[in-house]
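Commentary on secondary and tertiary structure
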Amino acid sequence: MAGGEGALVPVPSENGGSVAVYPLHHGLNPPIARLAISWSRGNSLRVSVFRPPSEDQVGGKVVEVKLSNGDQEITDAQWRRIEYGSVSPFAMLQSRRSSFSSLLKVSKSPSPYHLDWWEYVIEYSKDISSLLGGRKLSPNPIIEEPKAIFKKGEEPTCLKAAWELMEIFYADKQSQAWLPERLVDWLADYDSLFSSTQRTIHSKLVDFQKDLVNIQVIEDDPRYWEVLSSALAVGWLDIVVKVLRLHGSYQLDQLSNREIENGLVEAVAVLISKMPRLRPESAVGKLGECFKSKPEFSKAWEKWRAQITKLDCSAFWIQCDNHQTREGLKGMLQIMLGNIDSIHMATCHWIELYVSHFLYIRPFTMGIESMYNLVLKCIQMKPVSNTHRLTGLLIAILEENTEVVLAECSKEYGPWMVAHAVELLSAGSEQAEILLYDERDNLGGISIGELYRLIYAQVLSSHSLTWQIAPIYLTSCMKQGMGLLEILLYRQSVRHNESLLKNIELCRLYGLNHISSNIMKVAGVYDWKHGRKGSGVYWLQQADDANRLHRIAQQLFDSVGKSISDESFKQWEGVIELLGSDSKSAGGLEFLHKYRDFKRFLQQVTSGKSTEAARQAVDSLILLMKNPSTPQRFWLPLLYDSLKLFNWQDCPLLNVSETNLLLNKLQELSLARLRPDFKESSLPPEALGCVRLALATNLGRAILDE
Amino acid sequence: MAKPLLTLDGGTTCSSWNYCGERLAAGSVDGTLSIFDFRDPASSSYLRSTFKSKIHEGNIVKVVWLPPEYGDAVACIFADGIMSLWEEVAKDSQPFQWNMCKSFGSSSMKVLDVQFGISLTILKMVTAYSDGYVRVYELLDPLELKSWQLQAEFQNVIDSVSTSGKASCLSASVSWNMQKGGSQESSFIVGYNSNTSELNSSKVWEFDQAHQRWLPVAEMVLPEDKGDQVYAVAWAPNIGRPNETIAVATSKGLAIWNLGLNPDHDGRLPVERIALLPGHEGEVWQMEWDTSGMTLATVGHDGMVRLWQSNLNGAWHQQAAFKPTS
């Protein structure tokens, strides 16, 4: 959907009743007569568009709309990499949470939770952050390429920038004391992202770098000094010092006659590289002197400022005859001295102005509230026509309004972001934790945190390559996760064995036996109806579906006494074999088994005419007839099937007592026929007579033999 | 962005996806039923036609899939009021084919809507007829879609005194409370678009095991809207909410109702209309809840697809709309 994936996530702010209308391209000529809709997996909606009936035109189209297409700046493949990559940090954090809460229950002291929990959160945050992009576009100078200001790195993304912003403010408790400095670093990494909407210091530098090779006398170009002031204003000290040293006075042939000028340039460079910073340490090789504690920093800061003032008033300036250099360097000193007009001039975006406030105007800013007030002031000084998605988030964070932060995350960065950022937010403060994890009647008894996880799981379910990770998020939803998981698993296709087995495995993993039995039932019926009877019976047995197995057994009974082809006998035999392994599930199976044996011998008799096989057939017939589980309705069909045995040429196969047993059964049957509930078999009317005659003949021969 | 899946033949009037979204059944104006299958389930790339045959003289107006526990089968409702059940089977090693199992309805007693639900492991078919009667059929043999038995027939009215005069119903809408597995006694909602006001309002019916009959346990209507014609009803899937959510579309708009689960002393379930939304400036054709029961998608007279959601404060609103364009 064009509006970014956040558009379909519930957000607390109503947008005044106006609804976003998106075009749904179907490529048909108008008019359209009718529409039909159906939800597919997760968040995808299928729409059928029908034209009015006509002969020569196509009748309609079916299109699929994914209601959450993800962030536009990130490709689908990258999204999937992020989605898969975030599973293990997420699962790890969840398992840590559960062991934490069980630990809490045992010790009954809240301290361990609050002491250490954020450490896990920061580890999680770093893991996630590393997924969102590799090396940042860092403004490090490279020695090998003296004129290159920027290293070429991976393009930064707003998603990563937003995640880091959340990490700075909510998860990283250790750096709470030097938040402003973290923001300075953050902007150094992501200033380029703001170039999309307006001019930034980054874009200024990039433009300047392009022209650098063509500039003869660099210090005579006013842009040189402009770029230096700008980079200095946002604290990109390494760049400033590097660019300063491109100054013409450094060239060997110039040293002798530009000594003073060069001395001034170098003095400024040294002052810049010695700038005191209130932070534990900077990245390796970065300029500036770091101080952990405020008093130390404060002392160093005073000293540094005094040095700048001293240099500013120095007599050497009069001796420097290069006007451009003199003015340029003086301008830089003004920035370092915190001259608001110079800083205002040097910065482009209000966020750059904001950061330079921390560096030069209010280096002792502490606390979110004062940071928020400062933001308002900077926006006022450099108003922008449209809000950037990153500044929206930053302002919401500084406003300390968790709901707005969530809404910004969801609107601008989508379900993945919210589902994962909830962990950071809830680590931020107790109020935020309550807001996120309190169950709400409005949401059907779930918490906001759970809601966002459900929404993200829906997004994952929408794609065939990601639905299998949705269960990990669903199982972390205490109230409604399992309900959705059940539907998700139930609605997978059973037509392909591989996915069927995977599905059943997932059910087993999450203890959803009733769902797996349902899935197996569906698979069993599908196979049974599509000519794969054996597999059908197998799945129905796995599903413990006594009802359907009983019906299948009944269908098998129906073929008792009927002549069947070799092929279908084999199939019939196979099904009985399968049913046999679980005789409880279908009544009368004992009979079916015996009948199968009998039928098998009888078939051998037909094909081979061997007396031995015939004797075996007789034995199993007698077994069948003696057995009380043999239904009476099958007596006559069985006997009629055996006519050949009774009329055996070589010798009588049944002895006197066996023949008498059968004759008695026949007698019983004749009596039963008089009862009203007797069901006549489908045999020819003369069947009974034939059997009686054959048995009588056999009896005669048996008496003679004995 | 919209991804095209399939082009339909001229004269196609209705379509329906099966439970897993892998097969599409489409009906057309000349009574042709077509089945389309995804060739490769993993890529879900494109659909191919696996069956196409004229199964009836006259327009197919609606196709409904049966629950997959009963095979791959559809119910087709025709414009002349007949409804027939068709099932895909393969005998031995022969290729599969679609066979008719059973048909219901007539020109004087038209089937208007049909929906299937599983209740106590028995498949039940609720059919709404043009004579204002709801008929519930039970499948006797779970492997045989021919063997249906009429379990109950009743009018969609609260008082047992039947309505005076002959009811003439244009359309009806049935929706089951789908419980997974179907091991429990189930319930459904039905609403009518007719000239008889008592029939119209949508009512929830529940089977009373003790007296072996269907009882109306809730009526989704405000007193002043009693006679309003109902275009569509949709029971939301419930993944764990303490209440049921039901959408009812009438000429007044699209209402979202909460249905409590604890009956009062009369055996009635408490209902509350939690939202009345503008809808589609006219008839609503179809309403579908997503799997979580959090988003309702609707289509209707204005030719738009609209999505409705509740925000974090429980207020329902239109979240987005899609305008079909070439």
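Residues numbered from 1 in each chain as written. Chains lettered and ligands numbered in written order. Predicted model: local features only at pLDDT ≥ 70, side-chain atom pairs only at ≥ 80, totals over all residues. Heavy atoms only, no water.

**Side note on the overall build of chain B**
Note the cut-off: Segments assigned H or I by DSSP are reported as helices when at least four residues long, segments assigned E as strands when at least two residues long, and all are numbered from the N terminus. The size measure is the radius of gyration over C-alpha atoms, and the globule rule it meets is 2.2 Å times the number of residues to the 0.38 power. Accessible area is worked out with a 1.4 Å probe on protein chains only. A residue is then buried under 20% of its type maximum, exposed over 50%, and partly exposed in between. Only the protein chains shown count as cover for residues, and all accessible areas are computed by the Shrake-Rupley method using a 1.4 Å probe. All tallies of charge rest on Lys and Arg as positive and Asp and Glu as negative; His and the ends of each chain are not included. Where a charge lies is defined by one atom per residue type, namely NZ (Lys), CZ (Arg), CG (Asp) and CD (Glu).
Of the regular secondary structure elements, chain B holds one helix and 25 strands. In terms of overall dimensions, chain B is globule-like: its C-alpha atoms have a radius of gyration of 20 Å, near the 20 Å expected for 326 residues. Dimensions along the principal axes, computed over C-alpha positions, put chain B at roughly 60 × 45 × 40 Å. A burial count over chain B gives 61% of its 326 residues as buried. Carbon and sulfur atoms form 49% of the exposed surface of chain B, whose accessible area is close to 12,400 Å². Across chain B, the mean location of the 24 positive side-chain charges is 4 Å away from that of the 36 negative side-chain charges.

**Side note on the overall build of chain A**
Quick reminder of the rule: Any two residues whose heavy atoms approach within 4.5 Å at even a single point are treated as in contact.
Secondary structure assignment for chain A yields 32 helices and six strands. A burial count over chain A gives 54% of its 706 residues as buried. Sequence-distant contacts in chain A: of pairs separated by 6 or more residues, those separated by 24 or more amount to 63%. If you sum the accessible surface of chain A, you get close to 31,100 Å²; carbon and sulfur atoms cover 53% of it.

**A closer look at the sheet that holds strand β1 (residues 2–8) of chain B**
Which entries qualify depends on this criterion: Two strands are said to pair when DSSP picks up at least two bridges between them. Each axis is a line fitted through C-alpha atoms, and for a helix only the stretch in contact is used; angles between axes span 0 to 180 degrees, taken between their N-to-C directions.
What the four strands build is an open sheet, ordered β2(A)-β3(A)-β4(A)-β1(B); its pairing is antiparallel. Two strands in the sheet have a free side with no partner beyond their single neighbour: β2 (34–39) of chain A together with β1 of chain B. Strand-to-strand twist in this sheet, taken as the mean axis angle between neighbours without regard to direction, amounts to 20 degrees. For β2 of chain A and strand β3 (residues 44–50) of chain A, the ladder comprises six bridges, and the chain directions are antiparallel.

**Focus on the domain arrangement of chain B**
Residue and element names in this part refer to chain B. Threshold: Each domain's limits were defined by an automated method or a database of domain assignments. Values labelled buried area give the accessible surface lost by two parts on being combined, using a 1.4 Å probe and summing over both.
Per the domain assignment, the segments of chain B are domain 1 (9–36 + 53–89 + 96–104) and domain 2 (106–326). Using only C-alpha atoms to locate each centre, domain 1 and domain 2 end up separated by 22 Å. Each partner contributes to the interface: domain 1 provides 20 residues, whereas domain 2 provides 23 residues. Taking both sides of the interface into account, the surface hidden between domain 1 and domain 2 amounts to around 1,700 Å²; carbon and sulfur atoms contribute 71%. The largest per-residue losses of area from domain 1 upon contact with domain 2 belong to Y70, I77 and F104, which jointly make up 33% of the total buried on that side.

**Some points on the interface of chain A and chain B**
In plain terms, the rule: Each salt bridge in this description consists of a side-chain nitrogen of Lys or Arg and a carboxyl oxygen of Asp or Glu lying within 4 Å of one another. What qualifies as a polar contact is a pair of N or O atoms within 3.5 Å, subject to a donor-acceptor requirement within protein and to the restriction that residues adjacent in sequence count only when both atoms come from side chains. Polar here means any residue other than Ala, Val, Leu, Ile, Met, Phe, Trp, Tyr, Cys and Pro, which are nonpolar, and Asp, Glu, Lys and Arg, which are charged; Gly is therefore polar.
Taken together, the contact between chain A and chain B spans 87 residues of the former and 83 residues of the latter. With both sides pooled, the region where chain A packs onto chain B buries about 7,700 Å², and carbon together with sulfur makes up 58% of that total. Connecting chain A to chain B are five salt bridges. On inspection of chain A and its partner chain B, the count reaches 35 residue pairs in polar contact (both at pLDDT 80 or more). Looking at the side of chain A that touches chain B, the elements that each hand over two or more residues are β1 (21–25), β2, β3, β4 (60–66), α19 (448–461), α21 (481–490), α23 (513–529) and α25 (546–558) of chain A. Among the elements that line the side of chain A that touches chain B, the one with the most residues is α23 of chain A, at eight residues. Looking at the side of chain A that touches chain B residue by residue, the classes come out as 46 nonpolar, 25 polar and 16 charged. Looking at chain direction, β4 of chain A and β1 of chain B are connected through six bridges and run antiparallel. Among the inter-strand pairings, V62 of chain A is bridged to a residue of β1 of chain B, identified as L6 of chain B.

**Some thoughts on the pattern of salt bridges**
Taken as a whole and assessed by the stated rule, the structure comprises 47 salt bridges over all chains. Note that D207 of chain A is salt-bridged to R199 of chain A, the shortest N-O span being 3.2 Å. We note a salt bridge from K210 of chain A to D207 of chain A, for which the minimum N-O separation is 3.8 Å. Note that K210 of chain A and D207 of chain A are positioned in helix α6 (residues 201–212) at a spacing of three residues, about one turn of the helix. Using a relative accessible area of 57% as the deciding quantity, one classes K210 of chain A as exposed. Looking at D207 of chain A, the relative accessible area reads 30%, which means it is partly exposed. Connected through shared salt-bridge partners, R495 of chain A together with E22, R23, D37, D72 and E88 of chain B make up one network.

**Considering the pairing of β2 of chain A**
Consecutive side chains along a regular strand alternate between the two faces of the sheet. Counting buried residues in β2 of chain A gives five out of six residues, a clear majority hidden from the surface. What sits between β2 of chain A and β3 of chain A in their antiparallel hairpin is a turn of four residues, with G42 of chain A showing a positive phi close to 50 degrees.

**Here's the deal with the packing of α6 of chain A against helix α7 (residues 222–233) of chain A**
Residue and element names in this part refer to chain A. Put simply, the rule is: Left-handed describes a crossing in which the near helix is turned anticlockwise from the far one by less than a right angle; the clockwise case is right-handed.
Packing of α6 against α7 leaves a shortest axis separation of 10 Å and a crossing angle of 145 degrees. Crossing of α6 over α7 shows left-handed handedness. Facing α6, whose interface residues are I201, K204, L205, F208 and D211, α7 presents R223, Y224, E226, V227, S230 and A231. Of the residues contributing to the contact of α6 with α7, the split by class is six nonpolar, one polar and four charged.

**Thoughts on the environment of D225 of chain B**
Residue and element names in this part refer to chain B. Within the secondary structure, D225 is located in the loop between β17 (213–219) and β18 (230–235). The buried category is assigned to D225, whose relative accessible area is 12%. Counting along the chain gives 26 residues from D225 to S251, while the straight-line C-alpha distance between them is 9.8 Å. In this structure D225 touches K252 and R273, once residues within four positions along its chain are discounted.

**As for the environment of E69 of chain B**
Residue placement: E69 of chain B occurs in the loop between β6 (60–65) and β7 (73–78). Distance from E69 of chain B to M178 of chain B, taken between C-alpha atoms, is 14 Å for residues 109 residues apart in sequence. Residues in contact with E69 of chain B, not counting those within four places in the same chain, are Y490, N518, K521, V522, V525 and R548 of chain A together with I118 of chain B. A polar atom in the side chain of E69 of chain B sits 2.7 Å from the side chain of N518 of chain A.

**Some remarks on the nonpolar core**
All names here are of chain A. Basically, it comes down to this: The nonpolar core is taken to be a set of buried Ala, Val, Leu, Ile, Met, Phe, Trp, Tyr and Cys residues, with the residues joined through side-chain atoms within 4.5 Å.
In terms of nonpolar packing, the biggest core is built from 153 residues, with M166, F169, W186, L244 and Y354 touching the most fellow members. Among the elements that line this core, the one with the most residues is helix α17 (residues 402–428), at 13 residues. With sequence-adjacent residues up to four places away left out, M166 is seen in contact with A171, L393, I397, V405, C409, M417, A421, L424 and L425. Among the nonpolar cores identified, the runner-up in size contains 49 residues, and I552, L592, L653 and L654 belong to it.

**Some remarks on the confidence of the model for chain A**
Residue and element names in this part refer to chain A. Let me state the cut-off plainly: Summary of the metric used: pLDDT quantifies the predictor's per-residue confidence within the range 0 to 100.
Mean pLDDT over chain A: 84, with 88% of residues reaching 70 or higher. Averaged over each element, pLDDT in chain A is lowest for helix α26 (residues 566–580) (70) and highest for β2 (95). Taken together, the stretch residues 135–144 has pLDDT below 50 and engages in 32 contacts with residues farther than four places along the chain or on a different chain.

**Examining the sheet that holds strand β21 (residues 271–277) of chain B**
Residues and elements named next belong to chain B. An order of β18-β19-β20-β21 is seen for the four strands of this open sheet, with the pairing classed as antiparallel. The open sheet has two edge strands, β18 and β21, and neither has a second partner. Averaged over all pairs of adjacent strands, the angle between their axes in this sheet comes to 20 degrees, without regard to strand direction. Inspection of the sheet shows β18 paired to strand β19 (residues 244–250) by five bridges, in the antiparallel sense. The residue of β19 that forms the bridge with W235 is I246.

**A short note on helix α10 (residues 294–312) of chain A**
Given 3.6 residues to a turn, an α-helix orients residues that are three or four positions apart in the same direction. Residues and elements named next belong to chain A. The cut-off we apply is this: Multiply 1.5 Å by the residue count of a helix minus one, and that product is the helix's expected span. Comment: arc refers to directions from the helix axis out to C-beta atoms.
With 19 residues, α10 ought to run about 27 Å at 1.5 Å a step, and its terminal C-alpha atoms sit 26 Å apart, in line with that. Listed in full, the buried residues belonging to α10 are F297, A300, W301, W304, R305, I308, L311 and D312. Taken around the axis of α10, the buried residues stretch over an arc of 140 degrees, which confines them to a single face. Within α10, the exposed residues directed more than 90 degrees away from the buried face are P295, K299, K303 and K310. Where α10 is buried, its residues touch α9 (259–273), β5 (276–278), β6 (289–291), α11 (316–319), α12 (323–336) and α14 (350–361).

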